[in-house]
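# Results of the structural survey
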Amino acid sequence: MTRKLFSLVSIVAVAALLLTACGGAAPAKTNKVEMFSWWTAGGEADGLNAMYDQYKKLYPNVEIVNATVAGGAGTNAKAVLSTRITGGDPPDSFQLHAGLEVEKYDPSKYLQPLDSIYTSEGWDKVFPKDLIALLKYKDHFWGVPVNIHRANVLWYNKKVFADNNLQAPKTWDEFFKTADALKAKGIVPLVIGTKEGWEAGHTFETILIGALGAEGYKGLWTGKTQWTDPKVTDALNTFKKVMTYANTDYSALTWDGAAQYLVDGKGAMHIMGDWTDGWFISKKYTGYGYAPVPGTAGIFDALSDSFAAAKGAKNQANLEAWLKLAGSKAGQEAFNPKKGSICARTDCDPKLFDEYLQSAMKDWSSNAIVPSVVHGAAAVEKWATVYKDILGTFATKGDVAAAQKSLQQACVDNGVCK
Ligand code: GAL
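Analysis parameters
Along every chain, residues carry numbers that run from 1 in the direction the sequence is written. Where local features are concerned, this predicted model is filtered to residues with pLDDT of at least 70; where side-chain atom pairs are given and counted, the filter is 80 or more; whole-chain, interface and lining totals use all residues. The side-chain values count all of the structure's non-hydrogen atoms but skip hydrogen atoms and water molecules. Where helices are involved, their axes are fitted lines through C-alpha atoms of the stretch in contact, as for all axes, and angles between N-to-C directions lie from 0 to 180°. Segments assigned H or I by DSSP are reported as helices when at least four residues long, segments assigned E as strands when at least two residues long, and all are numbered from the N terminus. Working rule for angles: under 35 degrees goes down as roughly parallel, over 145 as roughly antiparallel, 65 to 115 as roughly perpendicular, anything else as oblique. Handedness of a crossing follows from how the near helix is turned relative to the far one, being left-handed for an anticlockwise turn of less than a right angle and right-handed for a clockwise one. In what follows, residue pairs with any heavy atoms lying within 4.5 Å of each other are defined as contacts. For this classification, the nonpolar set comprises Ala, Val, Leu, Ile, Met, Phe, Trp, Tyr, Cys and Pro, the charged set comprises Asp, Glu, Lys and Arg, and every other residue, Gly included, is treated as polar. Should DSSP find at least two bridges between two strands, the strands are regarded as paired. For a helix, the expected span equals 1.5 Å multiplied by the number of residues minus one. For every residue, the accessible area obtained with a 1.4 Å probe (protein chains only) is divided by the maximum for its type, and the residue is called buried under 20%, exposed over 50%, and partly exposed between those limits. The rule for a disulfide is simple: a pair of cysteine sulfur atoms within 2.5 Å.

In this section: the packing of helix α10 (residues 199–220) against helix α11 (residues 230–243). Their axes nearest at 10 Å, the elements α10 and α11 cross at an angle of 155 degrees. One element, α10, and the other, α11, form an angle in the roughly antiparallel class. The crossing of α10 and α11 is right-handed. Where α10 abuts α11, its residues Ala200, Thr203, Phe204, Ile207, Leu208, Ala211, Leu212 and Leu220 lie against Lys231, Val232, Ala235, Leu236, Thr238, Phe239 and Val242. Partitioned by chemical class, the residues of the contact of α10 with α11 number 12 nonpolar, 2 polar and 1 charged.

Right, here's the structure in full:
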């Protein structure tokens, strides 16, 4: 090494040491940051990219490694993530649902508690109380929430409804009347895709909420409501009947594949979370209407995506910069209008959001909030997985007694029911 080069290297090294010692702007060991998610579909990928664009503007020298594993609700992604985490090769940051899902990753062993960044960024003041409560697990924050999603939405094709003089059904009785009218016209009344194993469970949780009410549904996850309750039987019977109005190729379709039926005017209704709004936007499709799933007006079935930080992350400074962006107003205003979710923060500008999302903002602040089980909020992952499997089987087999028995057993196995 020439003397000149040697002294240059020394100056850079000393500067780096000084910066590290001062904290704050510590340079990353390498110039990368890896984020892991399952956001590959239209809308969700667009939202993520909008946030990445902001990161690139702020940190042009950092390479973003976008690690994704496709599959709605993270069914595939979570398995890959677990292997990476326990195998000592975690991504720096990864998608994590707010709520009990965090238990799956053994946080005290594998995750960084994020309490100090919550304090330094003032997040305990800008995230709503309901969300803060959901985010705290064993007294610590483990993820930075980027959004709030609603799971209990009935999407419908407005033209199909108008052509047939129909209104969005408010009750299941109205739903079945509407569905009969559509069937008679050769239109698939309800589109669903169950390919990834979580979608039947998603649909059913929204039916359960309607059957039991907000408190009754919440009680299912705390032991206050038994799964043997006759209202659970009613909900299973409703779901069984609903499936008789579904597209016959449901087991081959993903959630977005099913939503395509609406875009094509071949299907009339779809029960799915509001990432569908982001997906419709990405398809430039505007002919959709929305309503709460029958029986759930006034109740908001909620979930939230957050980003966690792996313990021993390879790119700590870049990771922290990412978390700060994810929790910031600018980051959330870039992400959510495309993603089809509302901000986790309470100070985003509503004018940036479409009509549906503005309605979701109002509902979030006025409705009863209940936690989604399929999207990580209500129960630990192992229970949620058993629940999903039971409903996946039920969607095709339709054995009400067997499903209800297994649901109660799952509650017992998880130490919540006796
Ligand atoms: C949810 C997730 C949403 C959306 C959806 C479909 O679990 O929270 O952000 O991505 O899955 O993949």
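The 5 strands lie next to each other as β2-β1-β3-β13-β6, forming an open sheet whose pairing is mixed. Two strands in the sheet have a free side with no partner beyond their single neighbour: β2 (63–68) and β6 (143–145). Strand-to-strand twist across the sheet, computed as the mean angle between neighbouring axes with direction ignored, equals 30 degrees. Across the face of the sheet, helix α2 (residues 44–58) comes into contact with β1 (32–37), β2 and β13 (305–309) while running at roughly 160 degrees to β2.

Quick look at helix α14 (residues 316–327) now. With 12 residues, α14 should cover 16 Å at 1.5 Å per step; its first-to-last C-alpha distance of 17 Å lies within 8% of that length. Three or more residues of α14 are buried, namely Asn318, Leu319, Ala321, Trp322, Leu323, Leu325, Ala326 and Gly327.

What follows covers the state of the cysteines. Two cysteines, two sulfur atoms, one covalent bond between them: this is a disulfide. In total, this model carries 2 disulfides according to the counting rule given. Across the disulfide from Cys343 sits Cys348; the S-S distance is 2.2 Å. Because the sign of the S-S torsion sets the handedness, a value of about -95 degrees for the bond joining Cys343 and Cys348 places this disulfide among the left-handed ones. A sulfur-sulfur separation of 1.9 Å characterises the disulfide bridge that pairs Cys411 with Cys417. A torsion of 75 degrees about the S-S bond marks the disulfide between Cys411 and Cys417 as right-handed. With a relative accessible area of 0%, Cys411 lands in the buried category. Classification of Cys417 by relative accessible area gives buried; the value is 6%. Among the cysteines of the chain that take part in disulfides, numbered as they appear in the sequence, the pairing is 1-2, 3-4.

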